[in-house]
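# A closer look at the structure
This is what each chain is made of:
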Amino acid sequence: MLLPTVGVGMNSAMDDMNLIQQAQRHHLVVREIGEEIDLEISHGDDDPSFANTPLITGPPREPSAEEHDEAKNMMVSLPNEDQDISKAQPVKRKKKVVKRWREEWADTYKWAYVDVKDGTARIFCSVCREYGRKHRRNPYGNEGSRNMQMSALEEHNNSLLHKEALRLQIASKDKIIVDKPIYVKALMSKTAGSIVEAALKRDPHEAEFIQSVQEAVHGLERVIAKNTHYVNIMERLLEPERMLLFRVPWVDDRGETHVNRGFRVHFNQALGPCRGGIRFHPSMNLSIAKFLGFEQTLKNALSPYKLGGAAGGSDFDPKGKTDNEIMRFCQSFMNEIYRYLGPDKDLPSEEMGVGTREMGYLFGQYRRLAGHFQGSFTGPRIFWSGSSLRTEATGYGLVFFAQLMLADMNKELKGLRCVVSGSGKIAMHVLEKLIAYGALPVTVSDSKGYLVDEEGFDYMKISFLRDIKAQQRSLRDYSKTYARSKYYDEAKPWNERCDVAFPCASQNEIDQSDAISLVNSGCRILVEGSNMPCTPEAVEVLRKANVLIAPAMAAGAGGVVAGELELNHECNLMHWSPEDFESKLQEAMKQIYQRALKAASDFGYQKESPEALVHGAAISAFLTIAQAMTDQGCV
């Protein structure tokens, strides 16, 4: 993050114009977390290359060591020049004006970056990737009248690009510090912005949670504008009903004691008992637990069932652990939360790092502590729990949702080239159903890279992939059997040519450069299998390119449907065939799809808009929860 300070004299408009006429190059000193960089500013719209600069370019270049050294030298001379000029011609009235514009211009540059253009280091806007006109250090510009340049500054500050830059900074993973309300107010309407501002003040360092809040509020702007009562509802909704944070001690096979941190967040129960996943992953923290709980709350509200939302897990890593170690950890984890679980309270389900083995251990300890076999944790094995198709439901539901979108475009999945990320349960079942529909899935991925098979996967290849994962081997081993495939280290599958993309790995797996690659690869539809798979920068790139996005809260609701079917015994494992189950699942996904589209249409979003399903899903889910919270009073 680049934080600028003004390095040349700006005590008056006349002083600044004189300096510009005297110098051929203008310098701006930029601080970057303890270091200073000397930059040269372009001539703005005098530069003929400005109009031809592409909107979407590669990632910003880090400043070189030589530029850092030059910056240190500039810091010695420029402030002295500034002081000499201010002593020679003090103008009190103009000082205040210039100081005010200087502060605003510093905010404008705060989210810029440095790159070299034609051999010269210049400042680029972090969103539009442009430099020069409307991106100058000087509020009055390099030419033109004072009033004209003031108008140019105001135009830039009010532009969508600048507002987007502020929004991206707020959602940044590195640092979330909002010391001025203008950051939020510039993002959206004052009413909606106050909701995000309140969340930021309360939890300024929870990056994932704040990002999910901003996406939801952005989709609800038109709803809030029509009824300010929803501001209070949203503020209450964003505070979880209950957050459990506890330690999980466990003993490994060598007798050594370890301790991990456990989480369970009951986000909202206005519609019914909580449902939500448990994630075991080293990156797990309270911010991710809250973000997952919030997303699950909206997802459950959008489903045909009356359910609340929850999420949780631990920073425990099951990889490399023996079955006995995992069992001891799961039992210790359950010792802390069993009091809050039950069919009428909260039933957890599988998530990242938690499969049938972990769910079995968790349920076994819950049964021992609770003293009964009431309810079931969604996802465990068929012989002691519900539907055998529970794990398939989420992946199948994603493909059903994609088919619904294509049907409205008079197209179908057959023959379409699809890229899939991840290689877990969801990704494998997405591959299965894509093959059943005649599509051509060509990729899967893991934490080390991705695998591409140009011939496409088939059922035999999927079975082989499952064996590889079950043995905890690398996807690289696939290429040893199928010579026409290739594994790419430290890479993502988004630069592969495709028509439809299914991100099924983790949150924020698609950044801005990945989104650019997807657009350039021909992708027209993105179906979110993981929660919040796109960064805000990536969402903006996809929106500008008119890529249709199926949000996870709608497309990923298949697991919710299956869990409720098995819990309510609507699908008996002895009497329901896979076809019957899929028919129920398809009907539920169709209802969710139609609800999202109707809500979008009611608030003025066109069906063809890339934002229609995203905003429609958020609106429909929120209105359902808001009605329940209003009816129940102050809850």
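These numbers were taken from a predicted model, which means no experiment stands behind them. Throughout, a residue's number is its position along its own chain's written sequence, starting from 1. Local features in this predicted model are restricted to residues whose pLDDT is 70 or higher, and side-chain atom pairs enter the listing and the counts only when it is 80 or higher, whereas totals over whole chains, interfaces and linings include all residues. To get the side-chain values, all heavy atoms of the structure are used, and hydrogens and water are removed first.

This part takes up the overall build of the chain. Starting at the N terminus, helices and strands are each numbered in turn, a helix being any DSSP run of H or I of at least four residues and a strand any DSSP run of E of at least two. Assigned secondary structure in the chain consists of 23 helices and 18 strands. Each residue is assigned to one of three classes by its accessible area relative to the maximum for its type, calculated with a 1.4 Å probe on protein chains only: buried under 20%, partly exposed between the two thresholds, exposed over 50%. The buried share of the chain, taken over its 635 residues, is 55%. Any two residues whose heavy atoms approach within 4.5 Å are treated as being in contact. A separation of at least 24 residues holds for 70% of the contacts in the chain among residues at least 6 apart in sequence. As displayed, the chain offers around 27,800 Å² of accessible surface, 50% of which is attributable to carbon and sulfur atoms. Using a 1.4 Å probe, accessible areas were evaluated by the Shrake-Rupley method; residue-level cover was limited to the displayed protein chains.

Before going further, it helps to examine the pattern of salt bridges. Salt bridge, as applied in this entry: a Lys or Arg side-chain nitrogen positioned within 4 Å of an Asp or Glu carboxyl oxygen. Considering all chains together, one arrives at 27 salt bridges under this definition. With a closest N to O distance of 3.1 Å, aspartate 477 and arginine 473 form a salt bridge. Overall, aspartate 477 belongs to the buried group, its relative accessible area being 15%. Residue arginine 473 is classed as partly exposed on the basis of its relative accessible area, which comes to 32%. Here the salt bridges do not stand alone but share partners, grouping Asp453, Glu455, Lys461 and Arg484 into one network.

On to the packing of aromatic side chains, then. Two numbers describe a pair of aromatic rings. These are the distance of the centres and the angle of the planes. Pairs were defined over the aromatic rings of Phe, Tyr and Trp, the Trp ring being its six-membered one, requiring ring centres within 6.5 Å. Orientation was assigned from the angle between planes: stacked under 30 degrees, edge-to-face over 60, tilted for the rest. Tallied over the full model, the rule gives 20 aromatic pairs. Taking 6.3 Å as the distance between ring centres and 80° as the angle between the ring planes, the aromatic pair formed by phenylalanine 400 and tyrosine 437 counts as edge-to-face. Taken together, the residues phenylalanine 400 in helix H14 (residues 390–408) and tyrosine 437 in the loop between helix H15 (425–436) and strand S12 (440–441) connect sequence positions 37 residues apart. On the basis of relative accessible area, phenylalanine 400 is assigned to the buried category, the value being 4%. Ring centres of phenylalanine 464 and tyrosine 478 lie 5.9 Å apart, and the angle between their planes is 40°; this geometry places the pair in the tilted category. Here tyrosine 478 lies in helix H17 (residues 478–481) and phenylalanine 464 lies in helix H16 (residues 459–470), a separation of 14 residues in the sequence. No difference in accessibility class separates phenylalanine 464 from tyrosine 478, as the two residues are buried. Here the aromatic cluster, defined as three or more aromatic residues joined through ring pairs, consists of Phe246, Trp250, Phe280, Phe316, Phe329 and Phe333. Geometrically, a lysine NZ or arginine CZ counts as sitting over a ring once it is within 6 Å of the ring centre and also within 35 degrees of the ring normal. The aromatic ring of phenylalanine 316 is capped on one face by lysine 321, whose charged end is 5.2 Å from the ring centroid.

If DSSP finds at least two bridges between two strands, the strands pair. Across the sheet, which stays open at both edges, the 5 strands sit in the order S12-S11-S16-S17-S18 with parallel pairing between neighbours. At either end of the open sheet lies a strand with only one pairing partner, and these are S12 and strand S18 (548–550). Where strand S11 (residues 417–420) lies against S12, 2 bridges are found, and the strand directions are parallel. Across the sheet, arginine 417 pairs through a bridge with leucine 440, a residue of S12.

Below, the discussion takes up the packing of helix H8 (residues 207–219) against helix H11 (residues 286–302). All axes here are fitted lines through C-alpha atoms, helices being fitted over the stretch that makes contact, and every angle between N-to-C directions spans 0 to 180 degrees. Contact geometry of H8 with H11 gives a least axis separation of 6 Å together with a crossing angle of 25°. Between H8 and H11, the angle falls in the class roughly parallel. In this structure, H8 uses Ala207, Glu208, Phe209, Ser212, Val213 and Ala216 to contact H11, whose residues at the interface are Ser287, Ile288, Lys290, Phe291, Phe294, Glu295 and Leu298. Of the residues assigned to the contact of H8 with H11, the class counts are 8 nonpolar, 2 polar and 3 charged. Angles are sorted into four bins: roughly parallel if under 35 degrees, roughly antiparallel if over 145, roughly perpendicular if 65 to 115, and oblique for all others. Classes in brief: Ala, Val, Leu, Ile, Met, Phe, Trp, Tyr, Cys and Pro nonpolar; Asp, Glu, Lys and Arg charged; the others, Gly included, polar.

Over its 20 residues, helix H23 (residues 612–631) runs 28 Å from end to end, which matches the ideal 28 Å to within 8%, given 1.5 Å per residue. Of all 20 residues making up H23, 15 are buried, and the element is well covered by its neighbours. Two residues or fewer past H23, glycine 633 is found with a positive phi of approximately 85°. Every helix has an expected span of 1.5 Å times one less than the residues it contains.

To continue, consider the sheet that holds strand S7 (residues 257–268). Spatial ordering of the open sheet is given by S6-S7-S9-S8-S10, a layout of 5 strands whose pairing is mixed. Where the open sheet ends on each side, the last strands, each with one partner, are strand S6 (242–251) and strand S10 (346–350). Mean inter-strand twist for the sheet, computed between neighbouring axes without regard to direction, equals 25°.

A few words now on the nonpolar core. As used here, the term nonpolar core means buried Ala, Val, Leu, Ile, Met, Phe, Trp, Tyr and Cys residues forming a set that is joined through side-chain atoms within 4.5 Å. One finds Met234, Phe401 and Phe502 to be the most contacted residues of the largest nonpolar core, which totals 104 residues. Each domain's extent was defined by an automatic or database domain assignment. Of the residues that make up this core, three or more belong to each of domain 2 (240–370) and domain 3 (392–629). Beyond its immediate chain neighbours, meaning those up to four positions away, phenylalanine 502 contacts Leu398, Val399, Ala402, Cys418, Val419, Val420, Ser421, Val430, Leu434, Trp494 and Val527. Counting residues in each nonpolar core, the second largest holds 19 residues, with Val248, Phe329, Met359 and Tyr366 among its members.

Position of aspartate 346 relative to the elements: it lies in strand S10. Exposure remark for aspartate 346: the relative accessible area of 0% places this residue in the buried category. In terms of polar contacts, aspartate 346 uses its side chain to reach the side chain of histidine 266, at 2.9 Å. The contacts of aspartate 346, once residues within four sequence positions are left out, are Arg264, His266, Cys274, Arg275, Ala310, Tyr340 and Leu341. Identification of polar contacts relies on pairs of N or O atoms within 3.5 Å, with a donor-acceptor requirement for protein atoms, meaning one able to donate a hydrogen and the other able to accept it, and with residues adjacent in sequence counted only if both atoms are side-chain atoms.

Residue-level pLDDT values for the chain average 77, and 66% of them are 70 or greater. In predicted models, pLDDT denotes the confidence assigned by the predictor to each residue on a 0 to 100 scale. Confidence drops under a pLDDT of 50 for residues 133–153, and excluding neighbours within four residues, the segment shows 65 contacts in the predicted structure.

Within strand S14 (residues 449–453), 5 of the 5 residues are buried, leaving the element largely enclosed by the surrounding structure. As paired elements, strand S13 (residues 443–446) and S14 share 4 bridges and run antiparallel to each other. Residue pairing in the sheet places valine 444 in a bridge with leucine 451 of S14. Adjacent in sequence and paired antiparallel, S13 and S14 are bridged by 2 residues. Pairing analysis gives 5 bridges linking S14 to strand S15 (residues 485–489), with the strands arranged antiparallel. The residue of S15 that forms the bridge with tyrosine 450 is tyrosine 488.

Moving on: the environment of methionine 589. Within the secondary structure, methionine 589 sits in helix H22 (residues 578–602). The spacing of methionine 589 and leucine 404 is 185 residues in sequence and 8.8 Å in space, taken between C-alpha atoms. Setting aside residues up to four positions removed in sequence, methionine 589 forms contacts with Gly397, Phe400, Phe401, Leu404, Ala554, Ala555, Ala557 and Gly558.

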